[in-house]
Amino acid sequence: MASLQEQIQQYEQEINSFVPANAAELEDYRIRFLGTKGIVKMIFGEMKTVPADQRKEAGQLLNGFKILAEEKYESFKSLQASAAAKGPAIDNTLPGTPLPLGTRHPLRVVENKIISIFERIGFSVATGPEIEDDWHNFTSLNMPQHHPARDMQDTFYVSTNPDWVLRTHTSSAQARILESQPLPIRVICPGRVYRNETISARAHCFFHQCEGLYVDKNVSFADLKQTLYYFVTEMFGENTKVRFRPSYFPFTEPSAEMDISCTVCGGSGCNLCKHTGWVEILGCGMVHPNMLRNFGIDPEVYTGFAFGMGVERITQVKYQVNDLRLYSQNDVRFLRQFQSV
Ligand code: PHE
């Protein structure tokens with residue numbers, strides 16, 4: 001009986017660690033353990049050598065062994081059957097299915113470029129709310145009620161509150177900085193702005209701006225010109241020329257508009273520059289003394305410059321996008337073109 005027990009234990013170990021690599025190995029197993037001359041039969045034959053008083057115990061042992069041997073066989077048999085039903089195994093050497101990868105929106109690409117150019121010369125980024133009050137969007141920027149310059153921008157008013165507008169420029173964020181930050185101030189304010197325009201290739205009811213503000217002692221128009229010249233060469237390349245034309249903004253005096261030499265034709269004349277050789281890209285000027293006073297800053301001690309550009313405009317000039325509507329139509333054929341820029 002003792003040796004029968006030992007034999008069974010040994011076979012059980014063998015069965016427990018058995019894993020067939022293929023159907024032939026499983027068949028060998030079946031013949032070895034469960035065949036007509038197999039181990040299970042053979043062990044059952046040993047029963048007759050067991051003394052009568054131990055037969056019951058030995059019978060249980062043998063039955064357990066038989067079940068173990070059979071279950072092992074059945075489980076691998078069904079595994080192999082279901083693997084065969086699934087067809088050939090997966091070919092791991094095939095290339096994987098590519099994961100679709102999104103791309104940055106062109107306006108975001110250009111906005112990020114603008115930000116990084118100005119960050120390199122010490123400007124930090126400030127943002128503000130898109131629903132603004134009259135003070136931050138107009139009055140504090142030297143545009144009191146009924147000032148004719150308010151008509152330069154067609155404004156959306158918020159119907160529930162006559163004091164609220166959808167900001168028409170990000171100068172409103174600059175007003176908030178002037179009111180809350182200590183001097184000197186050197187910020188750029190990127191963000192979305194709204195104007196009541198009919199949507200066409202050249203105008204949209206919302207677009208994006210990036211405005212800049214620098215207020216400190218001894219800030220001059222020469223600083224403004226040099227800062228913007230640096231921006232242009234970084235954004236459009238070293239050979240780009242700039243020119244300033246006198247202009248008018250209520251919050252700057254003197255004011256100017258800046259043109260760059262046409263990025264498409266280089267100055268010889270094309271559709272982008274309307275055959276003038278120049279394209280306008282931004283407005284700028286020295287911060288108006290009234291505006292500084294509105295924020296308790298003495299214009300005799302401090303001066304500053306400000307500039308504002310449209311991100312769509314910069315993108316149009318840089319990548320020759322000729323229809324503003326493309327930016328908000330979500331056509332991936334258009335958007336994907338900016339994958340590598
Ligand atoms: N806020 C002006 C606009 O939206 C741009 C600007 C900003 C002009 C700062 C001069 C100085 O058109």
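Provided above is the structure to which this section pertains.
Residues numbered from 1 in each chain as written. Predicted model: local features only at pLDDT ≥ 70, side-chain atom pairs only at ≥ 80, totals over all residues. Heavy atoms only, no water.

## Observations regarding the sheet that holds strand β9 (residues 303-310)
Item 1. As summarised here, the arrangement of the seven strands in space is β1-β4-β5-β9-β8-β7-β6, forming an open sheet in which the pairing is mixed. Every interior strand has two partners, whereas the edge strands, β1 (124-125) and β6 (242-249), have only one.
Item 2. When β1 meets strand β4 (residues 185-194), the two strands line up parallel, connected through two bridges. Considered in β4, the bridge of V125 is made with I188.
Item 3. Helix α7 (residues 171-180) rests against β4, β5 (206-216) and β9 of the sheet, and its axis sits at about 30 degrees to β5. (Pairing = 2+ DSSP bridges. Helix = DSSP H or I, 4+ residues; strand = E, 2+ residues; numbered from the N terminus. Contact = heavy atoms within 4.5 Å. Axes fitted to C-alpha atoms, helices over the stretch in contact; angles between N-to-C directions.)

## Comments concerning the site of the ligand
Item 1. Of all residues adjacent to the ligand, which total 14 residues, the nearest are H169, S171, R195, Q209 and E211.
Item 2. Here H169 contributes a side-chain N or O atom positioned 3.1 Å from a nitrogen atom of the ligand.
Item 3. One of the side-chain N or O atoms of R195 is found 2.9 Å from an oxygen atom in the ligand.
Item 4. Contact with the protein chains hides 91% of the accessible area of the ligand, taken as 320 Å² for the molecule alone.
Item 5. Breaking the shell around the ligand down by element, the ones donating at least two residues are β5, β8 (278-287) and β9.
Item 6. Looking at the shell around the ligand element by element, the count peaks at three residues for β9.
Item 7. For the shell around the ligand, a count of residues per class yields five nonpolar, seven polar and two charged. (Near = heavy atom within 4 Å. Polar contact = N/O pair within 3.5 Å; in protein donor to acceptor, adjacent residues only side chain to side chain. Areas by Shrake-Rupley, 256 points an atom, 1.4 Å probe, with all protein chains shown as cover. Nonpolar A, V, L, I, M, F, W, Y, C, P; charged D, E, K, R; others polar.)

## As for the state of the cysteines
Item 1. All told, the structure shown has zero disulfides when counted by the stated rule.
Item 2. Unpaired in terms of disulfides, C265 finds its nearest cysteine sulfur in C273, a separation of 3.6 Å. (Disulfide = S-S within 2.5 Å.)

## Brief notes about the packing of aromatic side chains
Item 1. This model, assessed by the stated rule, comprises 18 aromatic pairs.
Item 2. Arranged with centres 5.0 Å apart and planes meeting at 40 degrees, the rings of Y29 and F33 form a pair that is tilted. Taken together, the residues span about one helical turn, with Y29 and F33 both in helix α2 (residues 23-34) at a distance of four residues.
Item 3. A relative accessible area of 4% means that Y29 is categorised as buried.
Item 4. Residue classification places F33 among the buried residues on the basis of a relative accessible area of 2%.
Item 5. Ring geometry for Y327 and F334: centres 6.0 Å apart, planes at 70 degrees, overall edge-to-face. Residue Y327 shares its accessibility class with F334, and that shared class is buried.
Item 6. Through pairs of rings, three or more aromatic residues link up here, namely Y11, F18, Y29, F33, F65 and F76. (Phe/Tyr/Trp six-rings, centres within 6.5 Å; stacked < 30°, edge-to-face > 60°. Buried < 20%, exposed > 50% of the residue type's maximum accessible area, 1.4 Å probe, protein only.)

## Considering helix α8 (residues 221-236)
Item 1. Given a rise of 1.5 Å per residue, 16 residues ought to cover 22 Å, and the 22 Å separating the end C-alpha atoms of α8 matches this to within 8%.
Item 2. Taken as a whole, α8 has its buried residues at L224, T227, L228, Y230, F231, V232, T233, M235 and F236.
Item 3. Residues of α8 that are buried sit in contact with α5 (106-119), β6, β7 (252-261), β8, β9 and α10 (311-319).
Item 4. Where α8 terminates, the next one or two residues include G237, which has phi positive at roughly 105 degrees. (Expected span 1.5 Å × (residues − 1).)

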